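# Tertiary structure, described
What follows is each chain in one-letter form.
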Amino acid sequence: MKIAKNTVVTVNYKLSDAQDNLIEDGRQPMVYLHGDYENTLPKIEEELDGKEVGYSNTIQIEPDDAFGEYDPALVKVEPRNRLPEPLEVGMQFEGMPESDSTDEEAMIFTVTDIADDKVVLDGNHPLAGIALRFSLTVADVRAATDEEIAHGHVHGAHGHDHGDEDDEGEEGDHFRTHPIH
């Protein structure tokens with residue numbers, strides 16, 4: 001079966017930066033619903049469209065087509081007493097970007113540095129500004145179920161679990177179905 005809109009694609013992958021420094025080893029395959037459902041990067045869908053099981057290639061995706069350029073305006077320094085304790089580098093908090101616009105959406109800020117009474121929060125995606133190199137191998141392609149198409153994501157192994165008592169899903173499944181952008 002060829003990869004097309006409304007197929008469920010299982011891809012083994014390895015993610016590196018442009019200098020081949022490993023970012024993620026892809027121990028679990030990426031399983032996504034193909035067809036502009038925002039379940040993976042558009043350039044990955046573009047590369048895999050029309051391919052079949054066994055197809056393998058390495059592609060490089062520039063920041064503009066991945067997680068955007070690094071924006072120094074999304075880095076802010078806050079007084080430490082405004083954040084909960086205990087506080088550690090790597091913790092994440094939801095907050096509002098500093099701008100004059102009132103229609104901005106809340107975003108996730110990551111603690112990148114802690115000084116005596118100040119904390120550095122970065123609203124950039126951790127992979128912002130990085131050209132990404134994906135080594136991809138198509139492991140499986142199947143037709144999506146009507147329910148998967150209606151919900152816009154894969155169900156079952158490595159897909160999404162709606163919390164049904166009979167369907168406990170696998171640990172980590174929920175990480176595979178959120179839009180990446």
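In this text the structure is predicted, and so the values were computed from the model without any measurement.

## Comments concerning the overall build of the chain
- The secondary structure content of the chain amounts to 2 helices and 9 strands.
- Ordered by position from N to C terminus, the α and β elements of the chain give β-β-β-α-β-β-β-β-β-β-α.
- By residue count, 36% of the 181 residues in the chain fall in the buried class.
- Partitioning the intrachain contacts of the chain with sequence separation of at least 6 by distance along the chain shows that 61% fall at a separation of at least 24.
- Entry remark: accessible area of the chain is about 10900 Å², with carbon and sulfur atoms responsible for 47%.

## So, the pattern of salt bridges
- Scanning the entire structure with this criterion turns up 6 salt bridges.
- Between Asp-25 and Arg-27 there is a salt bridge, and its shortest N-O distance comes to 2.8 Å.
- What makes Arg-27 exposed here is its relative accessible area of 74%.
- With a shortest N-O distance of 2.8 Å, Glu-148 and Arg-142 are connected by a salt bridge.
- The class of Arg-142 is partly exposed, set by a relative accessible area of 29%.

## Observations concerning the packing of aromatic side chains
- Taken as a whole, this structure holds 0 aromatic pairs when the rule is applied.
- Positioned above the aromatic ring of Tyr-55, the side-chain terminus of Lys-51 is 5.1 Å from the ring centre.
- Over the face of the ring belonging to Phe-109 we find Lys-76, whose NZ or CZ atom lies 4.5 Å from the ring centre.

## A look at the nonpolar core
- Ranked by size, the top nonpolar core spans 20 residues in total, and within it Ile-44, Leu-48, Phe-134 and Leu-136 carry the most contacts.
- Beyond its immediate stretch of four places on either side in the chain, Leu-136 contacts Val-11, Asn-12, Tyr-13, Ile-44, Leu-48, Tyr-55, Ser-56, Asn-57 and Ile-59.
- Membership of the second largest hydrophobic core comes to 9 residues, among which are Leu-74, Leu-83, Leu-87 and Phe-109.

## Observations concerning a negative patch on the surface
- A contiguous patch of negative charge, built from Glu-62, Asp-64, Asp-65 and Glu-69, is present on the exposed surface.
- For Glu-69, the position within the fold is in the loop between strand 4 (56–61) and strand 5 (75–79).

## Considering unusual backbone geometry
- The omega torsion across Glu-85 and Pro-86 is -5°, close enough to zero to call that bond cis.
- Inspection of the secondary structure puts Pro-86 in the loop between strand 5 and strand 6 (92–95).
- Positive phi, normally seen in glycine, also occurs at Asn-6, with a value near 70°.
- On the secondary structure map, Asn-6 appears in the segment before strand 1 (7–17).

## Overview of the sheet that holds strand 5
- If you trace the 4 strands from one edge of the open sheet to the other, you get 5-8-7-6, paired in antiparallel fashion. Both edges of this open sheet fall to strand 5 and strand 6, since each of them pairs with a single strand only. The sheet shows a mean angle of 40° between the axes of neighbouring strands, direction not considered.
- Pairing between strand 7 (residues 107–114) and strand 8 (residues 118–122): 4 bridges, direction antiparallel.

## Quick word on the environment of Ser-135
- Within the fold, Ser-135 resides in strand 9 (residues 132–143).
- Judged by relative accessible area, which is 24%, Ser-135 ranks as partly exposed.
- Separated by 110 residues in sequence, Ser-135 and Asp-25 place their C-alpha atoms 9.9 Å apart.
- Excluding its chain neighbours within four sequence positions, the residues that come into contact with Ser-135 are Asn-12, Tyr-13, Lys-14, Asn-57 and Thr-58.
- Here Thr-58 takes part through its side chain, which lies 3.2 Å from a polar atom of the side chain of Ser-135.

Calculation rules
Position numbers for residues start from 1 in each chain and track the written sequence from start to end. Per-residue local features are limited, in this predicted model, to residues with pLDDT of at least 70; the limit for side-chain atom pairs, both in listing and counting, is 80 or more; totals at the level of whole chains, interfaces and linings are taken over all residues. Working from all heavy atoms in the structure, the side-chain values ignore hydrogens and water. Strands here mean DSSP runs of E at least two residues long; helices mean DSSP runs of H or I at least four residues long; both are numbered from the N terminus. For the exposure calls, accessible area comes from a 1.4 Å probe over protein chains only, and a residue counts as buried if that area is under 20% of its type's maximum, exposed if over 50%, partly exposed in between. Whether two residues are in contact is decided by their heavy atoms: any pair within 4.5 Å suffices. Every accessible area reported is derived by Shrake-Rupley at a probe size of 1.4 Å, with residue values counting cover from the shown protein chains alone. By definition here, a salt bridge exists when the distance from a side-chain nitrogen of Lys or Arg to a carboxyl oxygen of Asp or Glu is within 4 Å. Ring geometry is summarised as follows: Phe, Tyr and Trp rings, the Trp one being its six-membered ring, pair when their centres sit within 6.5 Å, and such pairs are stacked at plane angles under 30 degrees, edge-to-face over 60 and tilted between the two. Whether a charge sits over a ring comes down to the Lys NZ or Arg CZ being within 6 Å of the ring centre and within 35 degrees of the ring normal. We define a nonpolar core as any set of buried Ala, Val, Leu, Ile, Met, Phe, Trp, Tyr and Cys residues linked to one another through side-chain atoms lying within 4.5 Å. Each patch is assembled from residues with relative accessible area greater than 30% and no salt bridge, linking like charges that lie within 9 Å and nonpolar side chains (Val, Leu, Ile, Met, Phe, Trp, Tyr) that lie within 5 Å. Charge assignment in this entry is limited to Lys and Arg as positive and Asp and Glu as negative, and neither His nor the chain termini are counted. A single reference atom marks each charge: NZ on Lys, CZ on Arg, CG on Asp, CD on Glu. Two strands are said to pair when DSSP picks up at least two bridges between them. Note on geometry: axes are C-alpha line fits, over the in-contact stretch for helices, and angles between N-to-C directions span 0 to 180 degrees. Two N or O atoms form a polar contact when they lie within 3.5 Å of each other; inside protein one atom must be a possible hydrogen donor and the other a possible acceptor, and for residues adjacent in sequence the pair counts only when both atoms belong to side chains.

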